[in-house]
Amino acid sequence: MRFLIGILVLLCGALPACAVEGPALERGTAITDPAGLRELDRGRLALGRMMWPARSAGIPLTSGQLFALPSMAAVRKSLDAEFDRYIARHKVNLPNEAIGVGTSFDFQLFDRAQLYSQDSRFVLAGIVNRMDRAFVSPEGCGEVRLIYRLTRASAAPAGEGTTSPRLPMTLNIVLKAKSDVAIDGSAVAVTCAEIARRWLDTAGLPLTGADLAIKLLAKDGPLNLVRPENIDRIETNVQIAHAPKSAVRDFRTDYLLKVFRYSAPTQSFEEAPLENQIDRDRILADEGLKHEFRTWLLDPSHFSELDRGTVLIPEKFLATAAIASTPVGFAPSNLQPAFGLMQGDGATTEPVFRTSDVVTALSKAAGRGVSLQNIRSPAGFERRLNDITCSGCHQTRGIGGFHFPGVDWMAANPSNSTVVPASPHFFGDQIRRRDILTALRDGTPLDYSRGFSSRPQLRGSTELAGTEYDDGWGAHCYQQKPGAKDNDRSFKSWTCAEGLSCQVADKATRMGMCFVRDRQGKVLPTVR
């Protein structure tokens, strides 16, 4: 069941039949035009220009050259160490399943030779506005992200029947949306409102290719302020290993997530904790740390921030690497980052949080008049613990372990209608992000809250109604019972559109997916 559910989610994230017709959901919040990105990659937003500004502009930077840069030395060392640790853990935990590079192995490793090769490079696959994260860095107005996809540089453009030159790894340059001293082409100080306006103004542009690139980079364009000096960090996501379905296991793919923050004093990228990536194993093994984490997170102010999705967990509780395994299905399992932290998971260690702890925290919130949006039960608390982490989010409604695998403009006929550039989670979140951009532009009250990763926060919009992103075919749902008291309050809105029914994939949680019912009322397809 877990395997089939995962494949259904994967297919719905990758096939054009699942796409929403009408205006692009990412209008004003992301740049995904294949021809436009190709032009931008040939200019100052090429990875070489961003990472090595003094270098000649006309020659693409190969992966080998990238990781030979002094600023990237710690990145390469860290990635190599994570690969070595992954292999060592595998040999201890699964000694009877061979691991290595190539199809002859049970677990097929990503070939690191491709990462450090002179015959591969990272190409610009998408640009994403994340000013909805301005609550993290208000002075920088949030973030803008340049997402690059690893490709075989020597490969010819892919056509029908050929293998795509793209490899399963992305490198994400995260920049401050506004630098410390930001001025426009007329030497006027730039505000967060102005940057938001520039992005929203791209929503109706009927341009593509070079014309779009010129408009975006113009002195009043949203990309005019995207410069190397604004870089805050880089984030990597690589499919570290893939295990095909076999007699002893279901299909499984593991993704390694890392973050490297730029250090101005050393002029290099240094390993950093992943935001809100709870270091489960370390916390569970340390009674003092366990108590400290429980006390901190259940504090009423932090509990409210966790509910809203704006919590920033202190680094002492966080990990510097994460493995996002996919698919994980709907039942709690050790593959989920928060498994074992909550009482009742079936883990063998003493949990950090008991059901009574969460019930008490909920009661305190109610007593203080705090209106919680998402966490209204212990089950809601546990789900939030998972999806607030990097790996938990990437396990939810992703395309494999990616939320933005990106545009493939190296294809013979690149088109976003053939293969969508991002996951259902990404597209479902665009309404919330655009609403925040609009508030920034207009100077109206800001609401940075977000819903669960499985279901988008709609903010009064009906644009996603009946789609896979909300309550349509393939959407995540919660099976409702006739009596309100028998339903979990955290998921009471997780229903299916008319004509669809929630087919439960895990009886304990009553979580499942929305499917069509036939004339006899049976759900199609039936998951076995």
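Everything below is about the structure shown above.
Figured I'd write up the structure that's included with this text. (Residues numbered from 1 in each chain as written. Predicted model: local features only at pLDDT ≥ 70, side-chain atom pairs only at ≥ 80, totals over all residues. Heavy atoms only, no water.)

Points about the state of the cysteines
At step 1: Evaluation of the coordinates by the stated rule reveals 3 disulfides.
At step 2: In this model C477 forms its disulfide with C502; the gap between the sulfur atoms is 2.1 Å. Since a negative S-S torsion denotes a left-handed disulfide, the C477-C502 link at about 90 degrees is right-handed. One end of the pair, C477, is in strand β11 (residues 476-478); the other, C502, is in strand β12 (residues 500-506), with 25 residues separating them in the sequence. C502 carries the same exposure label as C477, and that label is buried.
At step 3: Shown here is the disulfide that connects C496 with C514, its sulfur atoms set 2.1 Å apart. Here the S-S torsion is close to -85 degrees, and the disulfide linking C496 with C514 is therefore left-handed. (Disulfide = S-S within 2.5 Å. Helix = DSSP H or I, 4+ residues; strand = E, 2+ residues; numbered from the N terminus. Buried < 20%, exposed > 50% of the residue type's maximum accessible area, 1.4 Å probe, protein only.)

Some words on the pattern of salt bridges
At step 1: Applying the stated criterion across every chain yields a total of 40 salt bridges.
At step 2: Between D447 and R308 there is a salt bridge, and its shortest N-O distance comes to 3.3 Å. With a gap of 139 residues between them, D447 in the loop between α16 (430-442) and β11 and R308 in helix α11 (residues 300-308) connect regions that are remote in the sequence.
At step 3: The exposure class assigned to D447 is partly exposed, which follows from its relative accessible area of 30%.
At step 4: What emerges from the salt-bridge pattern is a single network uniting R133, E143, R145, D232, R233, E235, R261 and E275. (Salt bridge = Lys/Arg side-chain N within 4 Å of Asp/Glu carboxyl O.)

What about the pairing of strand β8 (residues 252-263)?
At step 1: Burial analysis of β8 places 9 of its 12 residues in the buried class, the great majority of the element.
At step 2: Taken together, the 10 bridges between strand β7 (residues 231-243) and β8 define a ladder with antiparallel strand orientation. Counted as the bridge partner of A241 is D254 from β8.
At step 3: Pairing of β8 with strand β10 (residues 322-326) involves 5 bridges; the strand directions are antiparallel. Directly across from L256, in β10, lies its bridge partner I323.
At step 4: With 5 bridges joining them, β8 and strand β9 (residues 268-272) adopt antiparallel strand pairing. Looking across to β9, one finds that F260 is bridged to E271.
At step 5: Following β8, the chain reverses through 4 residues before pairing antiparallel with β9; Q267 in that reversal takes a positive phi of roughly 55 degrees. (Pairing = 2+ DSSP bridges.)

What about the side chain of S263?
At step 1: Mapped onto the fold, S263 is located in strand β8.
At step 2: At 3.1 Å, the side chain of S263 forms a polar contact with the side chain of T266.
At step 3: Look past the residues within four positions of S263 in its chain and what remains in contact with it is S268 and E270. (Polar contact = N/O pair within 3.5 Å; in protein donor to acceptor, adjacent residues only side chain to side chain. Contact = heavy atoms within 4.5 Å.)

Overview of the packing of helix α7 (residues 192-200) against α16
At step 1: Two elements in contact, α7 and α16, have axes separated by 7 Å at closest approach and are oriented at 130 degrees. Classed by the angle they form, the pair α7 and α16 counts as oblique. For the crossing formed where α7 meets α16, the hand is left-handed. Along its contact with α7, which presents A193, A196, R197, W199 and L200, the element α16 presents R434, L437, T438, L440 and R441. (Axes fitted to C-alpha atoms, helices over the stretch in contact; angles between N-to-C directions. Parallel < 35°, antiparallel > 145°, perpendicular 65-115°, else oblique. Left-handed = near helix turned anticlockwise from the far one by under 90°.)

Considering the side chain of S423
At step 1: For S423, the location among the structural elements is in the loop between α14 (390-394) and α15 (424-428).
At step 2: A distance of 2.7 Å separates polar atoms of two side chains, one belonging to S423 and the other to H403.
At step 3: Those residues in contact with S423 that sit more than four places away from it in its chain are R397, G398, I399, F402 and H403.

Comments concerning the packing of aromatic side chains
At step 1: Applying the stated criterion to the full structure yields 17 aromatic pairs.
At step 2: Measuring from ring centre to ring centre gives 6.0 Å for F303 and F381, while their planes differ by 15 degrees; the resulting arrangement is stacked. In this pair, F303 is assigned in helix α11 and F381 in helix α13 (residues 378-387), connecting sequence segments 78 residues apart.
At step 3: Relative accessible area serves as the criterion here: at 0%, F381 is assigned to the buried category.
At step 4: Measuring from centroid to centroid gives 5.8 Å for F452 and F491, while their planes differ by 45 degrees, and the two rings are tilted. Residue F452 is located in the loop between α16 and β11, and its partner F491 is located in the loop between β11 and β12; the two are separated by 39 residues in the primary sequence.
At step 5: Under the relative-accessibility criterion, F452 is labelled buried at 4%.
At step 6: Note on F491: relative accessible area 4%, which makes it buried.
At step 7: Aromatic ring contacts, followed pair by pair, group F293, F303, F317, F353 and F381 into a single cluster.
At step 8: Directly above the ring of F402 sits R149, whose terminal nitrogen or CZ lies 5.6 Å from the centroid.
At step 9: In this structure, R384 is placed above the aromatic ring of F452, and the distance from its NZ or CZ to the ring centre is 5.3 Å. (Phe/Tyr/Trp six-rings, centres within 6.5 Å; stacked < 30°, edge-to-face > 60°. Lys NZ or Arg CZ within 6 Å of the ring centre and 35° of its normal.)

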